[in-house]
Amino acid sequence: MTHSGADIAQLLSAHGLHPNRALGQNFVADPNTVRRIARLSGVVAGSPVLEIGAGLGSLTLALAETGAAVVAVEADRHLIPVLRAVVEPVGVEVVQGDALTLDLAALLAERHAGPWHLVANLPYNVAAPMVLRTLVEVPAVAHLLVMVQREVGERMAAGEGEDAYGSVSVRIAYFARAEVIGRVPASVFIPRPRVESVLVRLERRPAPAVDPALVSYERLETVVRAGFAHRRKMLRRSLAGVVEPAAFERAGVRPDARAEELGVAEWGRLAAT
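About the criteria used
- Residues numbered from 1 in each chain as written.
- Predicted model: local features only at pLDDT ≥ 70, side-chain atom pairs only at ≥ 80, totals over all residues.
- Heavy atoms only, no water.
- Helix = DSSP H or I, 4+ residues; strand = E, 2+ residues; numbered from the N terminus.
- Buried < 20%, exposed > 50% of the residue type's maximum accessible area, 1.4 Å probe, protein only.
- Contact = heavy atoms within 4.5 Å.
- Pairing = 2+ DSSP bridges.
- Axes fitted to C-alpha atoms, helices over the stretch in contact; angles between N-to-C directions.
- Core = buried A, V, L, I, M, F, W, Y, C linked by side-chain atoms within 4.5 Å.
- 1 Å grid on protein atoms, 1.4 Å probe; cavity = no way out; pocket = protein on both sides within 12 Å on 5 of 7 lines; lining within 4 Å.
- Points joined across faces, edges and corners; volume = space filled by probe spheres on them.
- Nonpolar A, V, L, I, M, F, W, Y, C, P; charged D, E, K, R; others polar.

What follows is about the environment of Ala257. Mapped onto the secondary structure, Ala257 falls in the loop between α11 (247-251) and α12 (264-272). By relative accessible area, which is 2% here, Ala257 ends up buried. Taking C-alpha positions, Ala257 is 8.1 Å from Arg236, a pair spaced 21 residues apart along the chain. Here Ala257 is in contact with Lys233, Met234, Leu235 and Leu262, once residues within four sequence places are set aside.

What follows is the structure, given as structure tokens:
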């Protein structure tokens, strides 16, 4: 059974807890929403699942209902006793720690060789860093479904030429295919946020979009960040000192192009020259 709004309120009251704004805590309080997320994540019985930011266990319980083998990570030590009491009886393993600093690759390798699913309700301030860290450092995670603020989700999934397209879009596209697959109303959260949320599904590519033998991710990141730092400038100006002038011709990229016009393959060619 997953949590209703009354369940969330009762758990908070009974344990003298309050949502932590600094941690961006907004607890999902709608069984239909968490079951929808579990269904869209594609997990089935036996699937190894890493949940980031388990909170009071709303989504965790929905994932456990599928029969998945869930490892739930939660940073807030005040929530850990409540979370354990809620989800350990249904077979979920709870790990206390900050997912941005935990050695997630080692954590997963100790439990299952993979591939893993990552499912999470991510606060605005850590959403993009968490997804990128997972893609860069935790290759065992092959499938991701994250609930994030709408603007963040749109940036994650945007393609070249779209208004939301930026540095994050390119760096995610290097590793994965991303798409926004649904919206989540603010009314399903406690407390109710002032922003809309979306669900973003990411599938790791069998190999990066740019051959790492030609250009490393670190080099690509440096060039992309520089290009989007002054997105209204022509690339020959924003990338001055980062790539040499002759690189544009070799890469087949116009020097007067803007950053938002280049796809990940073009960024790769430019970074490699």
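Moving on from the model shown.
Consider a sheet: its strands pair through backbone hydrogen bonds, and that pairing is either parallel or antiparallel. Read from one edge of the open sheet, seven strands run β4-β3-β2-β5-β6-β9-β7, paired in mixed fashion. This sheet does not close on itself; its edge strands, each paired only once, are β4 (93-96) and β7 (176-184). Averaged over neighbouring strand pairs, the angle between their axes works out to 20° when direction is ignored. Bridge count for strand β2 (residues 48-52) against strand β3 (residues 69-74) is five bridges, and the pairing is parallel. Bridging across to β3, Glu51 finds its partner in Ala72.

Below, the discussion takes up the nonpolar core. Core analysis: the largest hydrophobic core is formed by 60 residues, its most contacted members being Val146, Met156 and Trp267. Among all residues touching Met156, those that are not within four sequence positions of it are Ala127, Ala128, Val131, Val146, Val148, Val168, Ser169, Ile172, Ala178 and Val200. One finds Val28, Ile37, Val49 and Val188 within the second-largest nonpolar core, a separate group that totals 38 residues.

A few words on the layout of surface pockets. If you roll a probe as big as a water molecule over the atoms, it shows you where there is empty space left. Roughly 1000 Å³ of volume is contained in the largest pocket. As for the largest pocket, its lining consists of 43 residues, of which Leu23, Gly24, Gln25, Asn26 and Pro123 are closest to the centre. Broken down by secondary-structure element, the contributors of at least two residues to the lining of the largest pocket are β1 (27-28), β2, α3 (58-65), β3 and β6 (141-149). Looking at the lining of the largest pocket element by element, the count peaks at three residues for β6. Residue composition of the lining of the largest pocket, by class: 24 nonpolar, 13 polar and six charged. In this model, the second largest pocket occupies a volume close to 200 Å³. Lining the second largest pocket are 14 residues, and of these Ala128, Val152, Arg155, Val168 and Arg171 lie nearest its centre. When residues of the lining of the second largest pocket are assigned to their parent elements, the largest contribution, four residues, is made by helix α8 (residues 167-175). The class makeup of the residues in the lining of the second largest pocket is eight nonpolar, three polar and three charged.

For helix α2 (residues 31-41), the complete set of buried residues consists of Thr33, Val34, Ile37, Ala38, Leu40 and Ser41. Each element contacted by the buried residues of α2 is listed here: β1, α3, β5 (116-121), β6, β7 and β9 (197-204). Just downstream of α2 lies Gly42, where phi reads positive at about 80°.

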